[in-house]
Amino acid sequence: MLLLACERKIPRFDYALFADTGWEPRAVYTQLAKVAKVAERAGIPIRSVSSGNIRRDALDKTSRFVTMPLHVRNPDGTKGMARRQCTGEYKIKPLKAAARELLGYPHPTRVPPGVFAEQAIGISIDEVHRAKDADVRYLRNVFPLLDLGMSRDDRVQYLADRGFGETVKSACVGCPYSGNARLRWLRDNDPDAWQDLVAFDKAIRHGSPRAIAAGKPLRGEFFVHRSLRPLDEVDLAPRSRRHLTIVDDDPEPDGCSPWSCRSGEPVDIDAVAEQRAA
């Protein structure tokens, strides 16, 4: 969307915001610096916003533990998933705070009725069911890619044509929604991040270090991978097409974004197109 705005194919942005969890793959920060140069020439400033470093905070004995949707083996052997607070705390919260500041009404100042920012969200036509209205009056969501009729494949081609063909998804290194494809990419392309993630996976096995230090370890065991196995023991090898499923090995990297989580069942693009045409 930022490149489209730079080329004036969609309305020019006043600002582009990047919610930094502090624990993104190195490639994400590299591509952010690359696109920032394009945006600077177009007169669009990029602002990074943050609520802290999610990895450091999760392992800090003195910090409040913001739960990630880690995979849990319960004491009775059943499988579960922890509640997700990280997206709200490390992405949505700082983005909303920045929007209020740019409007001139930082928290706790009340934003007057009728004052709002248009917030462009990059949902394509194969994700139209994820397009939703904002939950606050001072933001109004717009979806430029839907207006242009762009699909996920269209986005990939558009980026490739402009020298951004290696763009990777912005998602926390430790995101438990990561499928095997994304984890393989981390292991093979960002070995420092991979080792960092393996160490993190071991460190959170019994919950928050703060709770453990207080003598209150959480019940069950926590894992980054859905298999409920230590990450360095998980078989991440690609499965044959015959055995490929959305659960075992999503062919595209998973993860979550501030306003629309990509994890879930695939969408029938033709059916979506018919729905929009109707």
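Description of the structure in this document. (Residues numbered from 1 in each chain as written. Predicted model: local features only at pLDDT ≥ 70, side-chain atom pairs only at ≥ 80, totals over all residues. Heavy atoms only, no water.)

**Topic: the side chain of Q119**
Here's step 1: Position of Q119 relative to the elements: it lies in strand β5 (residues 117-120).
Here's step 2: Reaching out from Q119, the side chain makes a polar contact with the side chain of N141 at a distance of 2.8 Å. (Helix = DSSP H or I, 4+ residues; strand = E, 2+ residues; numbered from the N terminus. Polar contact = N/O pair within 3.5 Å; in protein donor to acceptor, adjacent residues only side chain to side chain.)

**Points about unusual backbone geometry**
Here's step 1: Each neighbour pair has its own omega, and for H107 with P108 the value is 10 degrees, a cis peptide bond.
Here's step 2: Residue placement: P108 occurs in the loop between α4 (86-103) and β5.
Here's step 3: Backbone geometry places R8, a non-glycine residue, at a positive phi of 60 degrees.
Here's step 4: Among the secondary structure elements, R8 is positioned in the loop between α1 (2-6) and β1 (16-19).

**Quick notes on the pattern of salt bridges**
Here's step 1: What the rule picks out here adds up to 15 salt bridges.
Here's step 2: Among the salt bridges present, the one from R187 reaches D188, with a minimum N-O distance of 2.9 Å.
Here's step 3: For R187, a relative accessible area of 33% puts it in the partly exposed group.
Here's step 4: A network of salt bridges, in which partner residues are shared, links D126, E127, R130, R152 and R155. (Salt bridge = Lys/Arg side-chain N within 4 Å of Asp/Glu carboxyl O. Buried < 20%, exposed > 50% of the residue type's maximum accessible area, 1.4 Å probe, protein only.)

**Description of the sheet that holds strand β3 (residues 71-73)**
Here's step 1: Read from one edge of the open sheet, 3 strands run β4-β3-β7, paired in antiparallel fashion. Strands at the two margins of the open sheet, each flanked by one partner only, are β4 (79-81) and β7 (221-223). Recorded for the sheet is a direction-independent mean angle of 35 degrees between the axes of neighbouring strands. (Pairing = 2+ DSSP bridges. Axes fitted to C-alpha atoms, helices over the stretch in contact; angles between N-to-C directions.)

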